[in-house]
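If you want the building blocks of each chain, they are given just below.
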Amino acid sequence: MATNIFINLPVRDLQKSIKFFAHLGYSFNQHYTDESATCMIVDENIFVMLLTETRFKEFTPKPVSDAHTSTEVLLCLQMESRDAVTALVNKAIEAGGSAYKEPQDHGFMYGHGYQDLDGHLWEVVYMSGEPPKA
């Protein structure tokens, strides 16, 4: 059974990406950080490896997608409240990201999202009921 998740994302400018995500409140594990990569700590068991495109290419034989023109992954984070959803999206926009759709209210779930500097899509949701069970 898995105990942690490490998501790997290619970025064009590592320092700009670090600054962007630091503005959103994330911290970084310096043990896994160098000039080509950093480990962003999202939560106790959720980590995002931000890798320069050159470094990312070392892990895959496939071409790297341009997330500005196609969606290679949709990341979704569950937050503790509707206000937390709105606050995170607003911080992302302040830091240079963009909203890629309007907020959606489905009654039991409220969601919004942002696009980071490299075009990766981040959904941010609050669910008023029980979280999904495995």
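Rules of the game
Residues numbered from 1 in each chain as written. Predicted model: local features only at pLDDT ≥ 70, side-chain atom pairs only at ≥ 80, totals over all residues. Heavy atoms only, no water. Helix = DSSP H or I, 4+ residues; strand = E, 2+ residues; numbered from the N terminus. Rg over C-alpha atoms; globule rule 2.2 N^0.38 Å. Buried < 20%, exposed > 50% of the residue type's maximum accessible area, 1.4 Å probe, protein only. Contact = heavy atoms within 4.5 Å. Areas by Shrake-Rupley, 256 points an atom, 1.4 Å probe, with all protein chains shown as cover. Core = buried A, V, L, I, M, F, W, Y, C linked by side-chain atoms within 4.5 Å. Pairing = 2+ DSSP bridges. Axes fitted to C-alpha atoms, helices over the stretch in contact; angles between N-to-C directions.

Where an unreviewed UniProt entry is consulted, the protein appears under the name Glyoxalase/bleomycin resistance/extradiol dioxygenase family protein, with the organism given as Duganella aquatilis.

Undergrad: Would you mind going over the overall build of the protein with me for this structure?
TA: Of the regular secondary structure elements, the protein holds three helices and eight strands. Starting at the N terminus and walking to the C terminus, you meet the elements of the protein as β-α-β-β-β-α-β-α-β-β-β. For the protein, whose C-alpha radius of gyration is 15 Å, the value lies close to the compact-globule estimate of 14 Å for 134 residues. Dimensions of the protein along its principal axes, counting C-alpha atoms only, are 45 × 35 × 25 Å. Looking at the 134 residues of the protein, the share that counts as buried comes to 37%. The contacts in the protein between residues at least 6 apart in sequence include a share of 52% that link residues at least 24 apart. Roughly 8,200 Å² of accessible area belongs to the protein as shown, and the carbon and sulfur atoms make up 53% of that amount.

Undergrad: Mind showing me how you'd approach the nonpolar core here?
TA: The tendency in soluble globular proteins is for nonpolar side chains to be buried as a group. F21, L24, Y26, M40, L50, Y114 and W122 are the most contacted members of the largest nonpolar core, which totals 23 residues. Those elements that provide at least two residues to this core are strand 1 (5–11), helix 1 (14–23), strand 3 (37–43), strand 4 (46–52), strand 5 (74–78), helix 3 (82–94), strand 7 (109–115) and strand 8 (121–127). Every residue in contact with F21, bar those within four places of it in the chain, is listed here: Y26, F28, M40, L50, Y114, D116 and W122. Counting residues in each nonpolar core, the second largest holds six residues, with A37, C39, M49 and F56 among its members.

Undergrad: Can you help me understand the sheet that holds strand 3 in this one?
TA: The mixed open sheet is built from four strands, whose spatial order is 1-4-3-2. The open sheet has two edge strands, strand 1 and strand 2 (27–34), and neither has a second partner. In this sheet, adjacent strand axes meet at a mean angle of 25° when their direction is disregarded. In this sheet, strand 3 lies alongside strand 2 in antiparallel orientation, the contact comprising four bridges. Opposite S27, over in strand 3, you have I41 as the bridge partner.

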